[in-house]
Amino acid sequence: YKRQYQRRVRAFGDNDPLDVCEIGDKTAQMGDIKVVKALGVFALIDEGETDWKVISIDVNDPLASQMNDISDVERLKPGYLKMMHDWLRDYKLPDGKPKNNFGFNGKALSRNYALKVIEHNHQFWKDLKSGVIPSKGLKGGGDPYNIVLH
């Protein structure tokens, strides 16, 4: 598995945390907290629900000042987005599960789109925590609050 696959943040959508994939060169240790800059997002479809994969970089990474949007990832790390896409598509295969699908034809979406996803999920989490939206347990279960951004 890719060493920097997921960093969890406390923002929720389908009762499942957003996944933050930090693409910097320094490997985090268990329990490390990093300040990251969102660069874009993949919309992975997991068991019929959107499972957002926010692409980010540690603000202390040497490339962070040069990366401000998803296009900068391809410019500074050619092929990296394809590698991430293919890994996210295939990582469940060893468990005998099928390949994952993606929304938006598998395209990594912009920083602005990622920020909207983060804000939407944060609001969902606040509503879930306050009881405005009832909890459905540990995993989505047909969440009617699908994320649709325009």
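Everything quoted here is computed from the prediction, not taken from an experiment. Sequence positions are assigned chain by chain, starting from 1 and proceeding in written order. Predicted model: local features are reported for residues with pLDDT of at least 70 only, side-chain atom pairs are reported and counted for 80 or more only, and whole-chain, interface and lining totals are derived from all residues. Here the side-chain values reflect all heavy atoms present in the structure, with hydrogen atoms and water set aside.

A short note on the overall build of the protein
So the rule is basically this: Numbering of helices and strands runs from the N terminus; a helix is a DSSP stretch of H or I covering at least four residues, while a strand is a stretch of E covering at least two. For every accessible area listed, the method is Shrake-Rupley and the probe measures 1.4 Å; residues are considered covered only by the protein chains on display.
Along its length, the protein carries three helices and five strands. Along its sequence from the N terminus, the protein presents helices and strands in the succession β-β-β-β-α-α-β-α. For the protein, the exposed area adds up to about 8500 Å²; of that, 55% sits on carbon and sulfur atoms.

Considerations on the environment of Lys 82
Looking at the element boundaries, Lys 82 is found in helix α2 (residues 80-90). It is 9.3 Å that separates the C-alpha atoms of Lys 82 and Ala 108, two residues lying 26 residues apart in sequence.

Brief notes about the pattern of salt bridges
Selection criterion: When a carboxyl oxygen of Asp or Glu lies within 4 Å of a side-chain nitrogen of Lys or Arg, that pair is called a salt bridge. Partly exposed describes any residue whose relative accessible area lies between the buried limit of under 20% and the exposed limit of over 50%, with all areas from a 1.4 Å probe on protein chains only and scaled to the type maximum.
Evaluated as defined, the whole model comprises ten salt bridges. Linking Lys 77 and Asp 25 is a salt bridge whose minimum nitrogen-to-oxygen distance equals 3.3 Å. Here Asp 25 lies in the loop between β2 (17-22) and β3 (36-46) and Lys 77 lies in the loop between α1 (70-76) and α2, a separation of 52 residues in the sequence. Lys 77 sits in the buried class, given a relative accessible area of 11%. The residue Asp 86 makes a salt bridge to Arg 89 at a minimum N-O spacing of 3.4 Å. Of this pair, Asp 86 and Arg 89 both sit in helix α2, separated by three residues, roughly a single helical turn. Ionic contacts of the salt-bridge type, sharing partners, join the residues Lys 82, Asp 86, Arg 89 and Asp 90 into one network.

None of the figures reported here should be taken as evidence of function without further support.
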